[in-house]
Amino acid sequence: MFRRKRKAQVPELGQIPGHVAIIMDGNGRWAKKRLQPRVMGHKAGMDALQKVTIAASDLGVKVVTVYAFSTENWSRPKDEISFIMQLPVDFFNTYVPKLHENNVRVEMIGDRAPLPQATLDALDRARELTKENTGLILNFALNYGGRDDITRAVQQIVAEGLAPEAITAQTVQEHLMTAQLPADLQDPDLVIRTSGEFRLSNFLLWQSAYSEFYITDTLWPDFGAEELRTAIASFGQRDRRFGGLK
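Here we summarise the structure given alongside this text.

Conventions used here
Residues numbered from 1 in each chain as written. Predicted model: local features only at pLDDT ≥ 70, side-chain atom pairs only at ≥ 80, totals over all residues. Heavy atoms only, no water. Buried < 20%, exposed > 50% of the residue type's maximum accessible area, 1.4 Å probe, protein only. Helix = DSSP H or I, 4+ residues; strand = E, 2+ residues; numbered from the N terminus. Contact = heavy atoms within 4.5 Å. Polar contact = N/O pair within 3.5 Å; in protein donor to acceptor, adjacent residues only side chain to side chain. 1 Å grid on protein atoms, 1.4 Å probe; cavity = no way out; pocket = protein on both sides within 12 Å on 5 of 7 lines; lining within 4 Å. Points joined across faces, edges and corners; volume = space filled by probe spheres on them. Nonpolar A, V, L, I, M, F, W, Y, C, P; charged D, E, K, R; others polar. Core = buried A, V, L, I, M, F, W, Y, C linked by side-chain atoms within 4.5 Å.

**Focus on unusual backbone geometry**
Step number 1: At Leu35, a position not held by glycine, the phi torsion is positive, near 60°.
Step number 2: A relative accessible area of 81% means that Leu35 is categorised as exposed.
Step number 3: Even without being a glycine, Ser195 presents a positive backbone phi close to 80°.
Step number 4: Within the fold, Ser195 resides in the loop between strand 5 (190–193) and strand 6 (212–215).
Step number 5: Relative accessible area serves as the criterion here: at 8%, Ser195 is assigned to the buried category.

**Looking at the environment of Asn133**
Step number 1: Summarising the element assignment, Asn133 is placed in the loop between helix 5 (117–130) and strand 4 (137–144).
Step number 2: Separated by 30 residues in sequence, Asn133 and Asn103 have C-alpha atoms that sit 5.1 Å apart.
Step number 3: Setting aside residues no more than four positions away along its own chain, Asn133 makes contact with His100, Asn103, Val104 and Arg105.
Step number 4: A distance of 3.0 Å separates the side chain of Asn133 from the side chain of His100, its partner in a polar contact.

**Some remarks on the layout of surface pockets**
Step number 1: Here the largest pocket is characterised by a volume of approximately 660 Å³.
Step number 2: Met24, Asn27, Tyr67, Ala68 and Phe69 are, among the 30 residues lining the largest pocket, the residues nearest its centre.
Step number 3: Every element with two or more residues in the lining of the largest pocket is listed here: helix 1 (27–33), helix 2 (38–59), strand 2 (63–70), helix 3 (78–94) and strand 4.
Step number 4: Considering each element in turn, the lining of the largest pocket owes the most residues, five residues, to helix 2.
Step number 5: Partitioning the lining of the largest pocket into residue classes produces 15 nonpolar, eight polar and seven charged.
Step number 6: What the second largest pocket holds in volume is close to 280 Å³.
Step number 7: As for the second largest pocket, its lining consists of 18 residues, of which Gln173, Asp184, Gln186, Asp187 and Gln207 are closest to the centre.

**Focus: the nonpolar core**
Step number 1: By size, the foremost hydrophobic cluster in this structure holds 45 residues, and its most contacted members are Ile22, Phe91, Leu138 and Ile192.
Step number 2: The contacts of Leu138, once residues within four sequence positions are left out, are Leu49, Thr53, Val64, Val66, Phe91, Leu99, Val104, Arg105, Val106 and Glu107.
Step number 3: In terms of nonpolar packing, the next biggest core, distinct from the first, is built from 10 residues, Ala21, Ile109, Tyr144 and Leu204 among them.

**Here we look at the side chain of Glu107**
Step number 1: Inspection of the secondary structure puts Glu107 in strand 3 (residues 105–109).
Step number 2: Residue classification places Glu107 among the buried residues on the basis of a relative accessible area of 13%.
Step number 3: At a separation of 3.2 Å, a polar atom in the side chain of Glu107 contacts the side chain of Arg127.
Step number 4: When sequence neighbours within four positions are dropped, the list of residues in contact with Glu107 reads Arg127, Ile137, Leu138, Asn139, Phe140 and Gln180.

**Here's the deal with empty space enclosed by the protein**
Step number 1: Across all of its chains, the model carries one cavity of 30 Å³ or more by this definition.
Step number 2: One number sums up the size of the largest cavity: a volume of about 50 Å³.
Step number 3: As for the largest cavity, its lining consists of Pro88, Phe91, Phe92, Val96, Val106, Ala122, Leu123, Ala126 and Phe140.
Step number 4: Within the residue set of the lining of the largest cavity, elements represented by two or more residues are helix 3 and helix 5.
Step number 5: A class-by-class count of the residues in the lining of the largest cavity yields nine nonpolar, no polar and no charged.

By themselves these figures say nothing about function.
As structure tokens, this is what we get:
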């Protein structure tokens, strides 16, 4: 007697997070498992990013911020850094036109100064092409660090000569790099980290103070629309109190 296979259950979605931040971890391990160079994992991760961005847009997410390159990643091998810096160029040529068709707007946070000109040109072309789009904002954190973000905010506040008693949490928020995002979407509601690591790695330290977290053992290149939906379904079941009581 044959039993009919049950269809995989699709998780029910509750509240949709407005801003999802993703630490895209595991590219190197993905490549190593396949006996490939680490750079091939980064290329596969770029493929995953397009799919996840479109899936997030379809689910109603407003902002996706991805940790593309941290201020600490400069310590990696030079050939790997060179490949990663080429990825925005390839991403623009290959994927941004498709994202543009899906009404996605491209933005960036991070220190632009050390980045190669070709990388900056590619990002600026993507931002120019998509600047009028009104859908999901794909926000690249490139040469970004949370401590650097807060340090720069403090430096700007001091330079403006504000009196200490005039400085509030809102003042700091307004000087962070995420201030370019809509006011109600600057802090991520949900932070996703792939590859099973339980740390923030200097990502959006101020902004994620009350974020919900979803950790998965899945390596980033294997993370797709189905697991994104699972993460968002998990978020929808959380009881968010922001330090208070309900």
